[in-house]
Amino acid sequence: MTLADKLSAALASREKRLIRRRLYDPSADAHLVDFSSNDYLSLALSPALRARFLAKLHAAPHVLGSGGSRLLVNGHAHAALEARLAAFFRAPAALLFNSGFDANVGLFASVPQPGDVIVYDEHIHASVHDGMRASRADARVRFAHNSVKALRGTLERLLEERPGLASGENSVFIAVETLYSMDGTLAPLVQIVETVEELFPQGNGYVIVDEAHSTGVYGPQGRGLVSALGVEDRVFARLHTFGKALAATGAVLLVTPLVRDYLLNYARSLIYTTSLSNANIIAAECSFDMLESGEAEQLSAKLLSLSAHLTSSLRQELASRRIPPSLLSLPTHLSATYPGNDPTRLPTPIIPVLTPHPRPLSAHLRVRGLNARPITWPTVPKGADRVRVCLHALNEREEVDRLVGAMVEWAESWQAAQKAVEREGKRTGGVVTVQAKL
């Protein structure tokens, strides 16, 4: 087979299994209510942020390009933003990257040393996996999602098997996210940190926290869940990205000056690429203006209120209409109410609605003027298909109610179609296949 044949065969295989990815028509969603993008605070639509950005852009001495890699051209704007972010996030040092993906790859590929081990949550982002594959660490070990018990068992086993970890000669890195992008789950971060500190009293256990989806949404001034829980000084590194709730581009790693210096020398995803343009830096500055002014906190409060309303309404409708969980359901962490003092049960802007038929459900929502995307394997595990709902501060409660109503309408239609199939099959004594109405 030629290369073209092999590539075509791989794509045909995905097409047959209904998992082939494509870019959507950019004009097709213009009339739909957005329940898909990561613009959680709706800052991409903010007239105030747009006006601030244009004004700063007009006044800036440098706008176009950046001139090269940070090691060749260290622009004043880049250095000033790093100093600002270190102070804002109350971190010893900050280092900009072009994206959260680049930051994770650079950190995990370079910092773990021979003899070290990386332990990661099974739902960790793909960028961490790419970084780990390039790492010199001896082993990569996963633990069950958000399970402190599983993490403890994994770490205890590693301590028994690897004397260098027990002696402190080698290190273990624990990779977690605060808010997971596909499940909308929040990490039990305090318990994770306490477990690592207990088992590694010599300080050779290092927690690395990806706050990509929690930046701007949680914590004082949107500083994230690490800040909200007061564990800034107890984690090794924090990643915050600018491309989701902040409506900008880029990312920052919050680390010690030593780690920052090491990354400048060894993180290939930083060294061998042109840095963020000056316009990107200005956009990020404007977004952090919104955080520091308190405007973003007001948007976050509305966002999380909408999330609580959506989960409560959908939960009640599914129960009252007797929709079987095998057809449509909320995941366990959203399927019941919990005490408000549990930080892992806070409302989140990401609501996965589980169904074995995500594409028909998503298509039905589009017909009703609502845009929520189907998510299937390999993005999520097999058997965990869903329509992922992403909420935004400027979504209206009426839009959320329409979404709930449309989902229940689809489920009832699907049930009716299946019952019609069963009746026809009994009448004819044969097998009848009917595509349920969207």
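As a reminder, the structure under discussion sits directly above these lines.
Bear in mind that the values here come from a model prediction, so they are computed numbers and not experimental data. (Residues numbered from 1 in each chain as written. Predicted model: local features only at pLDDT ≥ 70, side-chain atom pairs only at ≥ 80, totals over all residues. Heavy atoms only, no water.)

(A) Representation of the overall build of the protein chain in the model. Helix and strand counts for the protein chain come out as 15 helices and 12 strands. Its C-alpha atoms give the protein chain a radius of gyration of 24 Å, within 12% of the compact-globule value 22 Å for 438 residues. The dimensions of the protein chain, computed from C-alpha atoms along their principal axes, are 75 × 60 × 60 Å. Residue burial in the protein chain is summarised as follows: out of 438 residues, 50% are buried. Restricting the contact set of the protein chain to residue pairs at least 6 apart, pairs at least 24 apart contribute 74%. For the protein chain, the computed accessible surface area is about 20300 Å², with 54% contributed by carbon and sulfur atoms. The protein chain carries 46 positive and 43 negative side-chain charges, and their two centres are separated by 7 Å. (Helix = DSSP H or I, 4+ residues; strand = E, 2+ residues; numbered from the N terminus. Rg over C-alpha atoms; globule rule 2.2 N^0.38 Å. Buried < 20%, exposed > 50% of the residue type's maximum accessible area, 1.4 Å probe, protein only. Contact = heavy atoms within 4.5 Å. Areas by Shrake-Rupley, 256 points an atom, 1.4 Å probe, with all protein chains shown as cover. Lys, Arg positive; Asp, Glu negative; His and termini not counted. Charge placed at Lys NZ, Arg CZ, Asp CG, Glu CD.)

(B) Region of interest: the sheet that holds strand β3 (residues 117–121). Taken together, seven strands build an open sheet; the order of strands is β2-β8-β7-β6-β5-β3-β4 and the sheet is mixed. Strand pairing shows two members of the sheet lacking a second neighbour, β2 (93–97) and β4 (139–143), which therefore form its edges. Here the strands of the sheet are splayed against their neighbours by 20 degrees on average, with no regard to which way each runs. As judged from the three bridges shared by strand β6 (residues 205–210) and strand β7 (residues 237–241), these two strands associate in the parallel manner. (Pairing = 2+ DSSP bridges. Axes fitted to C-alpha atoms, helices over the stretch in contact; angles between N-to-C directions.)

(C) Seen up close, helix α4 (residues 100–110). Burial within α4 is extensive, with eight of its 11 residues counted as buried. The complete set of buried residues in α4 reads G100, A103, N104, V105, G106, L107, F108 and S110.

(D) The side chain of T348, seen in detail. Checked against the element boundaries, T348 lands in the loop between α13 (295–320) and β9 (350–354). Judged by its relative accessible area of 3%, T348 is buried. Within the structure, the side chain of T348 is placed 3.5 Å from the backbone oxygen of G184, a separation counted as a polar contact. In this structure, T348 is in contact with L179, G184, L186, Y218, L304 and S307, ignoring residues within four places of it in sequence. (Polar contact = N/O pair within 3.5 Å; in protein donor to acceptor, adjacent residues only side chain to side chain.)

(E) Inspection of the environment of H76 at higher detail. Along the chain, the position of H76 falls in helix α3 (residues 76–88). Since its relative accessible area comes to 75%, H76 is described here as exposed. With 202 residues separating them along the chain, H76 and N278 place their C-alpha atoms 9.5 Å apart.

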